[in-house]
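Close look at the chain arrangement
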Amino acid sequence: MPDPLTAEVLRNALVVAAEEASIVVVRSAYSTFIVEGSDASAAILDARGRLIAHSMATTLMNSMALKAALPELLKDIPPDTMRPGDVYVLNDAYRGGVHTNDLLVYRPVFVQGAPAYFTATMIHVSDLGGLSAGGMAPLATDIFLEGLQLPPVRLATREGLDPAVEAVLRANSRTPDKVMGDVRALVAGTAVAAARLESLAGEYGEDGLSAGVEEYLNYTEARTRAALAELPEGRFEAAYPIDDDGINPEKSHYIRVAVTLGDDRAVLDFAGTDPQVPAAINASASQSLAAAVFAVRCFLDPTIPMNDGCLRALEVRLPEGSLLNARSPYPCGGRYVPIYAAMEAVFQAMSDAVPGRAIAASGILQPFSIAAVGAPYWIHLSYDFGGVGARPGLDGPDATGVHFGIGRNSVPQAEPVESRCPLIVESIETIPDSGGPGRFRGGLGSRTVYRFLADCHVTTRGDRLRLAPPGRDGGLPGRLGGFFKRHLDGTVERLASKVNNVRFAAGEAFIVETTGGGGLGAPGERSREAIMADLDAGRVTPRGAVEDYGFECRRPNNSAGSKLTR
């Protein structure tokens with residue numbers, strides 16, 4: 001058995017191998033969202049389906065999918081039929097995947113003639129069909145409207161990509177060249193990680209590598225259980241609403257959870273969550289697992305590694321046929337909506353358990369796509385983030401969102417987007433007074449304005465745009481955001497939160513406003529110094545100071561000084 005130092009060195013080497021794979025994908029991909037947003041994931045797993053390591057940029061949404069889908073791959077394609085150089089792909093949401101545009105790619109790594117490990121990469125490729133370009137289909141009523149579905153199939157061999165699979169992918173994409181560029185990047189990433197893993201096996205020996213992995217997973221489990229043991233025992237329940245499903249705009253849906261802490265473990269039971277619906281607000285089980293794991297880990301020591309050892313101390317129960325564990329043919333493309341509600345429900349349950357680490361509710365990320373109305377197609381897929389809820393002693397961060405579903409920099413910079421698409425980013429700014437008032441203020445939302453130089457289609461998939469994120473302990477909700485269309489005459493029209501292929505004319509503008517985070521504690525308890533600092537920074541307006549906090553800012557004549565009165 002290796003000593004702890006050797007195990008730690010090996011752990012970092014495995015993470016670096018995965019990180020290098022994700023960097024290769026980013027630098028090799030063709031899609032703007034990947035290249036500019038650096039949104040690529042990579043992981044290393046063993047043949048038992050255990051998550052050993054993932055890159056620093058890999059989100060839990062993706063690493064949980066790569067973990068959950070590998071056993072499904074091995075059911076269809078037995079390991080003894082695999083050969084060195086083989087690469088496999090799937091995107092089946094009901095078998096561990098995410099949604100149709102997220103391709104999961106695996107390469108076996110052989111030890112003593114048999115697959116012992118798998119390197120894996122995953123990105124959202126540019127387009128694989130469906131109701132709208134870029135994988136956004138917010139009004140889909142079944143999975144078939146969301147795009148091409150792939151069961152586990154062999155994607156490549158030592159000789160290169162399988163021609164039949166390439167033909168299928170090309171035939172189902174509005175941007176076939178970009179998709180195949182993305183696919184080749186995914187394959188290249190698995191090759192780099194496999195080479196690093198083979199090098200480690202040579203350095204430590206096959207038995208040494210295996211023993212080091214076991215030590216690393218056991219170490220992570222022990223630390224996770226120790227952190228859970230420090231939390232108060234008991235059962236804590238919470239629920240969080242979804243605005244609507246896009247089909248029935250006035251009907252809300254609910255995610256419910258009971259978190260039971262004790263015996264060095266946590267059980268998260270989502271019984272009572274609303275059933276799946278024929279609308280794009282369902283999620284696959286892998287994505288809901290990610291939400292639950294992420295939310296609990298936010299209340300533990302952040303230095304605990306993320307691997308299969310952590311998962312041994314957590315039991316997540318996802319009712320089959322619910323919003324969090326959809327079955328065919330219910331759509332799963334809108335997974336962000338239910339899993340972020342699940343995350344929020346767990347946050348509130350854990351905040352009740354550990355008030356000293358509580359957090360008010362946050363503004364959700366707001367995905368959207370902008371695409372050409374016809375060939376040749378161009379696509380811009382992005383997100384903007386809401387404000388984070390306040391915490392004891394801390395205001396919420398502005399426009400960063402509480403997120404576990406995107407990569408290093410999922411909001412691309414304006415200049416590269418303008419160079420690739422016929423649009424101008426007129427402005428990006430935070431919205432004053434949008435953070436929920438409280439002793440500790442919620443984070444601000446943001447406003448981004450896109451003016452189009454060509455006709456285009458806009459598709460949105462928002463939430464927390466009708467039901468504001470609530471505050472805690474007397475704090476007030478965050479200000480609601482929204483999607484808007486600015487017409488050529490300057491009038492502004494509010495769009496529904498979930499719309500598909502709304503046509504914009506050249507010269508018109510698309511405005512994205514995100515929702516602010518909830519406040520914590522009564523607004524009347526906020527200090528004068530904090531309010532003055534917010535006024536000086538432009539986070540709160542003089543009107544907001546009066547209406548939200550009961551303070552009025554008066555500037556004496558012929559003086560730059562200010563005076564606050566309550």
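Summary of the structure given here.

How each quantity is defined
Residues numbered from 1 in each chain as written. Predicted model: local features only at pLDDT ≥ 70, side-chain atom pairs only at ≥ 80, totals over all residues. Heavy atoms only, no water. Helix = DSSP H or I, 4+ residues; strand = E, 2+ residues; numbered from the N terminus. Rg over C-alpha atoms; globule rule 2.2 N^0.38 Å. Buried < 20%, exposed > 50% of the residue type's maximum accessible area, 1.4 Å probe, protein only. Contact = heavy atoms within 4.5 Å. Areas by Shrake-Rupley, 256 points an atom, 1.4 Å probe, with all protein chains shown as cover. Lys, Arg positive; Asp, Glu negative; His and termini not counted. Charge placed at Lys NZ, Arg CZ, Asp CG, Glu CD. Salt bridge = Lys/Arg side-chain N within 4 Å of Asp/Glu carboxyl O. Polar contact = N/O pair within 3.5 Å; in protein donor to acceptor, adjacent residues only side chain to side chain. Pairing = 2+ DSSP bridges. Axes fitted to C-alpha atoms, helices over the stretch in contact; angles between N-to-C directions. Core = buried A, V, L, I, M, F, W, Y, C linked by side-chain atoms within 4.5 Å.

1. Observations concerning the overall build of the protein
The secondary structure content of the protein amounts to 12 helices and 22 strands. Rg of the C-alpha trace for the protein: 24 Å, near the compact-globule value of 24 Å for 566 residues, within the 12% margin. Its C-alpha atoms give the protein principal-axis dimensions of roughly 85 × 60 × 45 Å. Scored against the burial criterion, the 566 residues of the protein give a buried share of 59%. Counting only contacts in the protein whose residues sit at least 6 apart along the sequence, the fraction spanning at least 24 positions is 72%. As displayed, the protein has an accessible area near 20,500 Å², and 52% of this comes from carbon and sulfur atoms. Placing the 53 positive and 67 negative side-chain charges of the protein at their respective mean positions leaves the two points 3 Å apart.

2. Concerning the side chain of arginine 107
Relative to the helices and strands, arginine 107 resides in strand 4 (residues 102-111). With no salt bridge to any partner, buried arginine 107 finds its closest opposite charge in glutamate 198, at an N-O distance of 7.6 Å. In terms of polar contacts, arginine 107 uses its side chain to reach the side chain of threonine 190, at 3.0 Å. The residues touching arginine 107, leaving out its near neighbours within four places in the chain, are Gly85, Asp86, Val87, Tyr117, Phe118, Thr119, Val187, Thr190, Ala191 and Ala194.

3. Thoughts on unusual backbone geometry
Between serine 328 and proline 329 the backbone carries a cis peptide bond, its omega angle lying at 10°. Within the secondary structure layout, proline 329 lies in the loop between strand 11 (314-317) and helix 9 (336-353). Cis peptide bonds are those with omega within 30 degrees of zero, and the linkage from alanine 375 to proline 376 qualifies with -5°. Positive phi outside glycine occurs at aspartate 264, with the angle close to 60°.

4. Considering the pattern of salt bridges
Any two side chains of opposite charge can pair if their charged atoms end up close together. As enumerated under the stated definition, the model contains 39 salt bridges in all. Here arginine 235 and glutamate 237 are joined by a salt bridge, their closest N and O atoms 2.9 Å apart. Judged by relative accessible area, arginine 235 falls into the exposed class, the value being 54%. A network of salt bridges, in which partner residues are shared, links Asp395, Asp398, Arg441, Arg526, Asp534 and Arg539.

5. Some words on the sheet that holds strand 7 (residues 160-161)
Taken in spatial order, the 7 strands of this open sheet run 2-1-5-4-3-6-7, and their pairing is antiparallel. Bordering the open sheet on either side are strand 2 (51-54) and strand 7, each of which pairs with just one other strand. Where strand 1 (residues 41-46) meets strand 2, 3 bridges bridge the pair, whose relative direction is antiparallel. What sits directly across from leucine 45, in strand 2, is leucine 51. Where helix 3 (residues 60-76) meets the sheet, it contacts strand 1, strand 2, strand 3 (87-90), strand 4 and strand 5 (114-124), and its direction lies at approximately 65° from that of strand 4. Docked against the sheet, helix 4 (residues 163-171) engages strand 6 (153-157) and strand 7, running at close to 115° with respect to strand 6.

6. Brief notes about the sheet that holds strand 11
Overall, mixed pairing links the 4 strands, which are arranged 8-9-10-11 in an open sheet. The open sheet has two edge strands, strand 8 (234-242) and strand 11, and neither has a second partner. Strand after strand, the sheet turns through a mean of 15° between neighbouring axes, direction not considered. This element, helix 9, spans strand 8, strand 9 (253-262) and strand 10 (265-269) of the sheet and lies at about 145° to strand 8.

7. Considerations on the nonpolar core
If you look at the biggest cluster of nonpolar residues, it comprises 107 residues, and the most contacted ones within it are Tyr106, Leu155, Leu169, Leu268, Phe270 and Val346. Looking at this core, the element that brings in the most residues is helix 9, giving 13 residues.

8. Here we look at the side chain of asparagine 101
Secondary-structure assignment places asparagine 101 in the loop between strand 3 and strand 4. Separated by 3.5 Å, the side chains of asparagine 101 and histidine 124 make a polar contact. Within the structure, the side chain of asparagine 101 is placed 2.8 Å from the backbone oxygen of valine 125, a separation counted as a polar contact. When neighbours within four sequence positions are excluded, asparagine 101 is seen to be in contact with Ile123, His124, Val125, Ser126, Asp127, Leu128, Gly134 and Gly135.

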